[in-house]
Structure formats: C-alpha cells, structure tokens
Amino acid sequence: MAGAGSPPGWRTASGPKGSDGPAVQYLSFSDDGGAFAAGLTSGFTVHESTTKKLGASFGGGVHIVKIVESDAEYVIFVGDGSSPHRPKNKVLIWKQSESDVIIELAFRSDVLGVAVSKDRIVVVTLTQLNIYTFEREPKPIITIDTGKNPKGLCVLSKTRSRPIIAFPSRDDGSLQITDLVRSDGVTIAAHSNGLECLALSTDARQIATASVKGTCIRIFDTSTGDLLRDLRRGVDQASIRCLAFSQDASRLLVSSNKRTHSTIHMFSLTKDDGPKNRHSKLYGLRGLLPTVFSSEWSSCQYRCDSPLSICAFGPNRDTFSIVGFNGMVYVCMVDTSAKSGCRLLTTSGFL
C-alpha cells in the first residue's frame, strides 16, 4: 500500500505449494510500504520485510486484513466465515498493545472491502460505503449508496488537506471521487470495461486506475478528472490487482498476474534523470495510428514465480518489495544497466 491509495490486496484460497502450514488468503501493505499483513487460513501475521512483527491465530481464517502504519498498532481484519466467531459480515480491529480485538462493526451483508486512514474507516458492502470515525467507539459519518461493487473497490486519502474517497460509479468503467468535507467531486469515465484496481498518490492529487482487461493503466487528476497519463502494461489480457505510487508520486508500480507467474512493471512519471518509459518504434506517428502506438510502456520489469503478488515502494523509490502468495518476499532495485531495468537484491520466505 505504498502511497495513499493502498492497493485492495489479493484474495485467494491458495498457499505455498507443498506447504503443510496455513495458506495465504489476502495480502496488503501499510501506507508507507514498510510492512505488510497476511490474512491466513488460521489468522493473520504482520511483517517488516521478512521479520514477523506480530500474529494472531484462532479458529477460522482471515480474508481481508489491513494495517495503516508500519508499527501495526491496529490491525483491521474480516473473517472468512469458516468460524462463527469470524463471520464475513464483521469488521474487527485488533490492538497490538492489548493483544485483543477492541472494536467490532457488524453489517447485514458480507464485507467486501475495507479502506482505512488514521481518522476514518470505510467498510464496503455490495452496494454501500459505510464511513466511520476511527476511534475506540467508532461513530458513523455517512453512508454512500453505490452501484454494485462485487470487488469491494475503494480507496481513501490519508492526507487531511484533501479528504477524498474514490470508488466505482454506477456506469461500467467509471469512477466517482468525492470530497468527504465539501460533499462534492467528479465522475470520470476511466475505462470502457469494468474497474479492477485503484490507487491514490500520497498527496491524493492523482489516482491510478486499471480495468478488468488489464492492458492499460490510466492516471487522472483527482480535482478535475483530467487524464494525466495513459500507460501500457501489454496487449494481452491480465489481472491487475495492485497499483502503488512511490511516496513522491514520481513512479508507479503495477502487478499483473497470470496463471503461472506475475510481472511487476515500474513506470516513471517525471522527466528526471532516472529510468525512462519505453515507446513504440512508431511513436513518431502516434497521431495517425491507434492509441497502442502512442502509449508509454514500463521502464522496468521483474517477473516472479508467484501467480499472485502485491508490490510497494519503500522510502527509497529505487527499491521496491514484492510479496507473493507463494510465501516469498522479493526485494528489487532499479538498475538501468540491466536488460529488464532492475535487479533482484534478496528473496526469502515469510511463512
């Protein structure tokens, strides 16, 4: 969850191949990318890189888990329904210093997504966003009716200077951005296909979007709705479930997932001395040819053997971490001398 728009995370029933331990069901990064949380078939764990910070095991699994900061004082999670004590319609908040659940929020239908900041909690159900204060006794702020949102997509800004929330609108491929203080916003026709993934920059001035087709990633201005960048992941369909801005919004990571592997793409968003995005050889004729020839392609790629993975920058935009559902963590560094634009620094297991 690098940047303010923590990626929604991946949800699956698969775990490390050949492992007799708990399977990974969900992964997400903290906002600063310094730690990640794993929802397991037996509870949850939180890690800094590969160092386990804390964990809780209980009867029943976790299918959504989020942390706001790397210290993981609070862990927000939703059960997978395998235990009556961990149903899918309850959001539970665990406080590390008390080693126990201190808050429960119950809903009439299953919780499909959760977004959280230091002062707000957003709970996503199929047709609603339920927004609460983040305190010992959460108070309801507002409920927003939405179109059907089966993926539970929602991103919440972490900066108080721009308190916005973004979620799919009723029209397929469109995005609604709402200012939670002024109660106004913009609607963006982002893609021609349904939305698959969203991410906000740390300052909440930009939002990245991907559709179920997975060929293009688009970046929009959150105030005006103007298209800022049109980035090309590829020409074949792939599932994009993780988008992550660097802290200074100068780079963007994209995790594209296929049946046997996942590929992390890095795009440069500024014209500094760093790596440059690639263009088609026919880029000079972009006004006369289809849009695929005018798109920007990633400056860096790393392919890992986990078919599902998430990614995030740390404090240094030249390094990024990949966490796979195979139980592995990969740390890469940008290296313009390498053919792929980056190189692997370390790899290790976290289960």
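Residues numbered from 1 in each chain as written. Predicted model: local features only at pLDDT ≥ 70, side-chain atom pairs only at ≥ 80, totals over all residues. Heavy atoms only, no water.

## Observations regarding the overall build of the chain
The condition is simple: Starting at the N terminus, helices and strands are each numbered in turn, a helix being any DSSP run of H or I of at least four residues and a strand any DSSP run of E of at least two. A 1.4 Å probe rolled over the protein chains alone gives each residue an accessible area, and that area as a share of the maximum for its type sets the label: buried under 20%, exposed over 50%, partly exposed in between. Here, two residues are considered to be in contact whenever any of their heavy atoms come within 4.5 Å of each other.
What the chain contains, in helices and strands, is zero helices and 31 strands. Counting every position in the chain, which comprises 351 residues, the buried fraction comes to 58%. Restricting to contacts in the chain with at least 6 residues of sequence separation, those with at least 24 account for 43%.

## Section: the pattern of salt bridges
Here is the rule we go by: A side-chain nitrogen of Lys or Arg and a carboxyl oxygen of Asp or Glu constitute a salt bridge if their distance falls within 4 Å.
All chains considered together, the criterion is met by 18 salt bridges. The salt bridge partner of Arg251 is Asp318, with a shortest N-O separation of 2.6 Å. With Arg251 in strand 23 (residues 251-257) and Asp318 in the loop between strand 28 (309-313) and strand 29 (319-324), the pair connects residues that are 67 residues apart, well separated along the chain. With relative accessibility at 2%, the residue Arg251 sits in the buried group. Judged by relative accessible area, which is 30%, Asp318 ranks as partly exposed. One salt-bridge network, in which partners are shared between bridges, spans Lys95, Glu98 and Arg136.

## Here's the deal with the sheet that holds strand 14 (residues 155-156)
The strands that make up a sheet pair up through hydrogen bonds in the backbone, lying either parallel or antiparallel. Condition: Two strands make a pair as long as DSSP finds a minimum of two bridges between them.
Spatial strand order, 14-15-16-17: four strands in an open sheet with antiparallel pairing. Sheet topology places strand 14 and strand 17 (185-189) at the edges, where each strand pairs with a single neighbour. Relative to strand 15 (residues 164-168), strand 14 is paired through two bridges, and the arrangement is antiparallel. Each residue of the ladder has a partner; that of Val155, found in strand 15, is Ala166.

## Structural notes on the pairing of strand 13 (residues 140-145)
Sheet topology places strand 12 (residues 128-133) next to strand 13; five bridges connect them, and they run antiparallel. Looking at strand 13, one finds that Gln128 is bridged to Asp145.

## Some points on the sheet that holds strand 28
The test is simple: For every element, the axis is a line fit to its C-alpha atoms; helices are fit only across the contacting stretch, and the angle between N-to-C directions ranges from 0 to 180 degrees.
One open sheet holds the four strands; their spatial order is 28-29-30-31, and the pairing between them is antiparallel. Either end of the sheet is taken by a strand with one partner, and the two such strands are strand 28 and strand 31 (342-349). Neighbour to neighbour, the strand axes of the sheet diverge by 20° on average, direction disregarded.

## Things to note about the packing of aromatic side chains
For clarity, the cut-off: Stacked, edge-to-face and tilted labels apply to pairs of Phe, Tyr and Trp rings (six-membered ring for Trp) whose centres lie within 6.5 Å, assigned for plane angles under 30 degrees, over 60, and everything in between, in that order.
Taken as a whole and judged by the stated rule, the model has eight aromatic pairs. A ring pair is formed by Phe44 and Phe77, whose centres lie 5.2 Å apart and whose planes are at 45°; its orientation type is tilted. Separated by 33 residues along the polypeptide, Phe44 in strand 4 (residues 43-48) and Phe77 in strand 7 (residues 74-79) bring together distant segments of the chain. Here Phe44 falls in the buried class, since its relative accessible area comes to 1%. By relative accessible area, which is 0% here, Phe77 ends up buried.

## Digging into the nonpolar core
Condition: What makes a nonpolar core is a set of buried Ala, Val, Leu, Ile, Met, Phe, Trp, Tyr and Cys residues whose side-chain atoms join them at distances within 4.5 Å.
In terms of nonpolar packing, the biggest core is built from 33 residues, with Phe44 and Val91 touching the most fellow members. Of all the secondary structure elements, the ones that give two or more residues to this core are strand 4, strand 5 (51-57), strand 6 (62-67), strand 7, strand 8 (90-95), strand 9 (100-106), strand 10 (113-116) and strand 11 (120-124). Aside from chain neighbours lying at most four places away, what touches Phe44 is Ala38, Leu54, Gly55, Ala56, Phe58, Val62, Val65, Val75, Phe77 and Trp94. Membership of the second largest hydrophobic core comes to 30 residues, among which are Phe29, Tyr302, Ile322 and Cys342.

## Side note on the state of the cysteines
To be explicit about the condition: Disulfides are defined as cysteine sulfur pairs within 2.5 Å.
The tally for this structure, following the rule as stated, stands at zero disulfides. We note that Cys197 lacks a disulfide partner, and the nearest cysteine sulfur, in Cys242, lies 6.2 Å from it. What makes Cys197 buried here is its relative accessible area of 0%.

## Looking at the side chain of Asn130
Summarising the element assignment, Asn130 is placed in strand 12. Classification of Asn130 by relative accessible area gives buried; the value is 7%.

## A look at unusual backbone geometry
If you check the backbone angles, Ala72 has positive phi at about 55° while not being a glycine. Of note, Ala72 is situated in the loop between strand 6 and strand 7. Residue classification places Ala72 among the buried residues on the basis of a relative accessible area of 1%. With a phi close to 60°, Ala249 is a non-glycine residue in the positive phi region. Exposure remark for Ala249: the relative accessible area of 10% places this residue in the buried category.

## Quick notes on the environment of Gly43
Looking at where Gly43 falls in the secondary structure, it is placed in strand 4. C-alpha of Gly43 to C-alpha of Ser57: the two residues are 14 residues apart in sequence and 4.5 Å apart in space. In this view, Gly43 contacts Ala38, Ala56, Ser57, Phe58, Gly60, Gly61 and Val62; residues no more than four positions away in its chain are not counted.

## Details of the confidence of the model for the chain
We apply this condition: Within a predicted model, pLDDT stands for the predictor's per-residue confidence, ranging from 0 to 100.
Across the chain, the average pLDDT comes to 87, with 88% of residues at or above 70. This model gives residues 1-8 a pLDDT under 50, and the stretch forms 50 contacts once residues within four places in sequence are excluded. Counted against residues more than four places away or in other chains, residues 12-18, with its pLDDT under 50, gives 18 contacts.

## Section: the environment of Leu344
Its place among the elements puts Leu344 in strand 31. Leu344 gets classed as partly exposed once you look at its relative accessible area, which sits at 36%.

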